[in-house]
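Each chain is listed here by its residues.
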Amino acid sequence: MLHQKQLAFIGGGAIAEALLKGLLTAKLVEPQQIMVCDVAQSRLEYIKRTYNVITTVNGCDAAGQADIVFLTVKPQVIDDVLVTIAPVMTPAKVVISVAAGITLDRLQAKLGKTPIIRVMPNTPVAVGAGVSAFALGQNARPEHGELASLIFGAVGKTVAVDEKAMDAVTGLSGSGPAYTFLFIEALADAGVRVGLSRQTALLLAAQTILGAAKMVVETGEHPAKLRDAVTSPAGTTIAGLHVLEQKGMRGAVIDAVVAATERSREMGQIHDK
Ligand SMILES: NC(=O)C1=CN([C@@H]2O[C@H](COP(=O)(O)OP(=O)(O)OC[C@H]3O[C@@H](n4cnc5c(N)ncnc54)[C@H](O)[C@@H]3O)[C@@H](O)[C@H]2O)C=CC1
Ligand SMILES: O=C(O)[C@@H]1CCC=N1
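What you see is a predicted model, and the numbers here were worked out from it, not measured in a lab.

To continue, consider the packing of helix 1 (residues 14–25) against helix 2 (residues 41–51). Helix-helix packing is described using two parameters, namely the angle between the two axes and the distance between the axes. Running from N to C, helix 1 and helix 2 point in directions that differ by 15°, and their axes come no closer than 12 Å. Looking at the two axes, helix 1 sits roughly parallel to helix 2. As helix 1 runs across helix 2, the sense of the crossing is right-handed. Contacts from Ala14, Glu17, Leu20, Lys21 and Leu24 in helix 1 reach Arg43, Tyr46, Ile47 and Tyr51 in helix 2. For the contact of helix 1 with helix 2, the residue count by class is six nonpolar, no polar and three charged.

A separate point is the site of ligand 2. Neighbouring ligand 2 are the residues Ala100, Thr170, Gly174 and Ser175. If ligand 2 stood free it would expose 240 Å²; the protein chains cover 47% of that surface. Its residues placed into classes, the shell around ligand 2 shows one nonpolar, three polar and no charged.

Here we take up the domain arrangement of the protein chain. Interface extent is often summarised as the accessible area lost during association of the parts. In terms of domains, the protein chain is made up of domain 1 (7–166) and domain 2 (176–267). For domain 1 versus domain 2, the separation of C-alpha centres amounts to 31 Å. Listed by partner, the interface residues are 10 residues for domain 1 and five residues for domain 2. Interface area, domain 1 with domain 2, both sides summed: about 500 Å², of which 57% is carbon and sulfur. Our count for the domain 1 to domain 2 interface comes out at zero salt bridges. At the boundary of domain 1 and domain 2, one finds zero residue pairs in polar contact (both at pLDDT 80 or more). Looking at the side of domain 1 that touches domain 2 residue by residue, the class counts come to four nonpolar, four polar and two charged.

Cut-offs applied
Residues numbered from 1 in each chain as written. Chains lettered and ligands numbered in written order. Predicted model: local features only at pLDDT ≥ 70, side-chain atom pairs only at ≥ 80, totals over all residues. Heavy atoms only, no water. Axes fitted to C-alpha atoms, helices over the stretch in contact; angles between N-to-C directions. Helix = DSSP H or I, 4+ residues; strand = E, 2+ residues; numbered from the N terminus. Parallel < 35°, antiparallel > 145°, perpendicular 65-115°, else oblique. Left-handed = near helix turned anticlockwise from the far one by under 90°. Contact = heavy atoms within 4.5 Å. Nonpolar A, V, L, I, M, F, W, Y, C, P; charged D, E, K, R; others polar. Near = heavy atom within 4 Å. Areas by Shrake-Rupley, 256 points an atom, 1.4 Å probe, with all protein chains shown as cover. Domains from an automatic or database assignment. Buried area = accessible area lost by both parts, 1.4 Å probe. Salt bridge = Lys/Arg side-chain N within 4 Å of Asp/Glu carboxyl O. Polar contact = N/O pair within 3.5 Å; in protein donor to acceptor, adjacent residues only side chain to side chain.

Below is the structure:
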């Protein structure tokens with residue numbers, strides 16, 4: 001389906017790199033099918049050197065040559081980018097926006113009849129373990145849903161959602177890798193505190209998170225049941241869990257996701273024109 005299609009990333013930052021790395025590793029596309037546009041020349045040099053893709057500073061050229069245009073700039077500059085690419089957009093192309101908080105209506109207003117897919121991926125797409133939620137715009141057809149499943153399914157799991165769920169998705173899985181990296185870092189620090197080497201502590205921490213997540217995904221069991229199986233009566237685990245509950249870990253995580261969700265909503269509103 002992507003054979004001979006040209007992909008353009010408008011914005012060559014963190015999420016664009018994660019996506020193109022994942023797509024190249026999955027061999028869904030060849031480097032010559034990808035064009036990355038960025039305003040920062042040094043960033044383009046790095047991307048070209050690392051992935052051998054085509055690069056340009058001209059967003060209009062990139063969008064004009066592409067079949068699939070990824071909007072991978074910050075929400076704060078999305079309106080400028082839409083103005084730049086609008087003249088070269090046609091209904092035969094498709095726009096995939098990953099910008100947090102930016103609604104399909106807002107994108108559609110600038111892009112006319114071009115089909116649009118709004119997606120919220122996360123950075124583990126770089127290693128084929130992402131999760132991406134998507135919603136289709138009013139001009140998108142079922143094949144655009146299939147396209148989203150193909151592209152983002154090549155680099156992780158996908159789920160179709162109502163657009164109104166997108167801010168919540170952003171707060172949970174979009175931002176979620178950062179919370180998890182923080183937890184891994186904290187676990188590793190804890191390991192060092194109780195006498196492990198940094199290297200051993202980090203390996204134990206990361207693999208423990210990976211293994212626990214894999215158990216949830218592969219068994220389909222409720223995490224509480226899996227937790228109970230670790231927690232021996234009067235043992236070590238309940239001693240540790242007791243402290244985490246006392247310190248309000250569950251409440252802190254819920255508050256974090258609520259704050260990120262609200263920030264996503266806010267970013268969508270602040271810049272509405
Ligand atoms: N980083 C992440 O984990 C995720 C980010 N997103 C969304 O992806 C978008 C980009 O985020 P990041 O990659 O984290 O930001 P970033 O700051 O790493 O990348 C943005 C890039 O856009 C470039 N840029 C700025 N103005 C431009 C213009 N007019 N034309 C072309 N390039 C331009 C910047 O030089 C920069 O390299 C945001 O809208 C964010 O909400 C979505 C899901 C996850
Ligand atoms: O921090 C952000 O705004 C972006 C959106 C989701 C992950 N990173």
